[in-house]
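Architecture and fold: a report
This is what each chain is made of:
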Amino acid sequence: MRDQAALIEGLAVPDGVAQGEPFDIDEHLLWTDPHGVIRALRAKTPVWCRHYGNAAFGVKAYSIFSHELSEAAAVDPRTRQFELEPLLFNGVTDGPLFELYANGMLASNGETHIRRRTPLSRQFAFPIIRRMQPEIAAAAQDLLHSYLAEGRMNVAEDYGKRFPVSMLCSILGVPPEDTDAFGEWIRKAAVGLGVFSPDKLDSINEGAERLLSYVSALLDDRRRAPRGDFLTDYLAKVDSQGDYSAEETYVQIAGAILAGSDTTRTAITMAISLLLEHPETWTALRADPDLATRVVDEVLRFEPAVGSVPRFVLEDLEIGGVKVGAGSILSISMLGALRDPAVFSNPDTFDIQRTTSPKLNLAFGSGAHRCLGEALARIEVEETVRAFVSMIPDAHLLCAPARVEGFSGVRHLVGFDIGW
């Protein structure tokens, strides 16, 4: 670790980066210590330019570290959400993963995005999800109770991998006996939402195909036999719009599932790990469980599951004093924005008593593409924290704490073991 720290401390960032001159950094360094790299870069510029992929391609990526600039970039009409570019960059032009991108709200913009998002946005609205909180709390307690006799667990693998999927299955009406298989398809397909190597494509497509087929069958079942549940209500809203294709109908459900499962797993795991690393906070929660709501925001700020959100630049613009050309990639760095010292005092300190944080947590995105499942994810993490603190108050680390690796896209979680 000292060698790593020395590399970061000695990172010679040239003065030219402030004018947008490309400066590439070793990918291993970006992966293993992104916060250290960002601190070094932030000292010189709020916008860092590097080559995207092979420098020979001539495509540049501009990472934004300022909270203020990130919020503005997310709604700037001169940029747009990525659509099929990540797949085309990898030579993917058909198959189940391509179907998810081509027909989903995650990779669409403008009127198409609004049309695809509207039916589900009503289903995932805060008032509706808030009414489910007692059910979510009971599910968190039941799952944790199943491990109590063992006296130990790997939070990421044993609890974090199961809880978000089990809640999605409950909401969608997936039979309990299918939950494990459903979760496995989600984990395989979700790899395709981030940066992936070509050798992963077969596994991604396998998971995506099984997931799409299963969701399609669930929706067909609701059309034949409405139940007055989540999917039945969703279909009623789709039908009332009258402009959904069959593919769009099941892809929106599958896309929402993929976007929320692994990111929530990371948030859950990091919440428990950070609390056990800070025993004074764990003690405070035991005395006042309502502090769990503050824990959620601080965990998401301190170690977000998504390192950055890329946008495609449609026309020349200037941001943070740096000129960004059309055809470039603008990368909104959640890691940078959520530890911006201009917004958060002592940004590298985990502190659930913060009083100066923005009203909206940028970890859930901004603008039209703000996370659809925010309410559900918040309550899942909150009720997990409450369950762990109340049911295993003597929990302790059995190994190194959890960590999240990666600079951009969906980051990689390394779990940890606890005992009690």
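Each chain has its residues counted from 1, running along the sequence as written. The predicted origin of the model limits local features to residues at a pLDDT of at least 70 and limits the giving and counting of side-chain atom pairs to 80 or more, whereas totals for whole chains, interfaces and linings rest on all residues. No hydrogens and no water enter the side-chain calculation; it runs on all heavy atoms of the structure.

As a further point, take the overall build of the protein. Only DSSP runs of H or I covering at least 4 residues are called helices, and only runs of E covering at least 2 are called strands; the numbering of each starts at the N terminus. Check the secondary structure of the protein and you find 19 helices and 12 strands. A radius of gyration in this sense is built from C-alpha atoms; the matching globule rule multiplies 2.2 Å by the number of residues raised to 0.38. A compact globule built from 420 residues would reach a C-alpha radius of gyration of about 22 Å, and the protein, at 21 Å, matches this within 12%. The C-alpha extent of the protein, read off along each of the three principal axes, is 65 × 55 × 40 Å. Any residue under 20% of the maximum accessible area for its type is buried, any over 50% is exposed, and the rest in between are partly exposed; the area is computed with a 1.4 Å probe on protein chains only. In the protein, which comprises 420 residues, the proportion classed as buried is 51%. A sequence separation of at least 24 residues applies to 71% of the contacts in the protein between residues at least 6 apart. Whether two residues are in contact is decided by their heavy atoms: any pair within 4.5 Å suffices.

Let us look at the pairing of strand β8 (residues 329-333). The element β8 is extensively covered by neighbouring structure, given that five of its five residues are classed as buried. Side chains of β8 alternate between two faces, with Ile329, Ser331 and Ser333 and Leu330 and Ile332 buried alike. Strands are labelled as partners when DSSP assigns at least two bridges between them. Here strand β2 (residues 60-64) pairs with β8 via four bridges, running parallel. Bridging across to β8, Ser63 finds its partner in Ser331. One ladder, built from five bridges, connects strand β5 (residues 308-313) with β8; its direction is antiparallel. Each bridged residue has a counterpart across the sheet, and for Val309 the counterpart in β8 is Ile332.

Turning to its location among the elements, Ser70 is positioned in helix α4 (residues 67-74). By relative accessible area, which is 0% here, Ser70 ends up buried. When residues no more than four places from it in sequence are discounted, the contact partners of Ser70 are Ile64, Ile332, Ser333, Ala337 and Leu362.

With that out of the way, let us pick up a nonpolar patch on the surface. Exposure above 30% relative accessible area and the absence of a salt bridge qualify a residue for a patch, where like charges join within 9 Å and nonpolar side chains (Val, Leu, Ile, Met, Phe, Trp, Tyr) within 5 Å. The protein chains shown are the only cover counted for residues, whose accessible areas, like all others here, come from Shrake-Rupley with a 1.4 Å probe. Only one rule defines a salt bridge in this text: a Lys or Arg side-chain nitrogen within 4 Å of an Asp or Glu carboxyl oxygen. Residues Leu106, Leu193 and Val410 make up a contiguous nonpolar surface patch of about 200 Å² in total accessible area. You can call Leu106 partly exposed: its relative accessible area is 37%.

Locating Phe126 in the fold gives a position in helix α8 (residues 126-130). Taking the C-alpha atoms as reference, Phe126 lies 20 Å from Val299; in sequence the two are 173 residues apart. In contact with Phe126, not counting residues within four places along its chain, are Glu374, Ala375 and Arg378.

Moving on: the environment of Ser213. Mapped onto the secondary structure, Ser213 falls in helix α13 (residues 201-224). In this structure the C-alpha to C-alpha distance between Ser213 and Tyr250, which are 37 residues apart in sequence, comes to 8.7 Å.

The strand order β1-β2-β8-β5-β3 describes an open sheet built from five strands, whose pairing is mixed. Here the strands that pair on one side only, and so sit at the sheet edges, are β1 (47-51) and β3 (79-81). In this sheet, adjacent strand axes meet at a mean angle of 30 degrees when their direction is disregarded. Here the axes come from fitting lines to C-alpha atoms, over the contacting stretch only for helices, and the angles between their N-to-C directions go from 0 to 180 degrees. Most of the contacts of α4 go to β8, to which it runs at about 130 degrees, and overall it touches β1, β2, β3, β5 and β8.

These results come straight from atomic positions and should not be treated as a statement about function.
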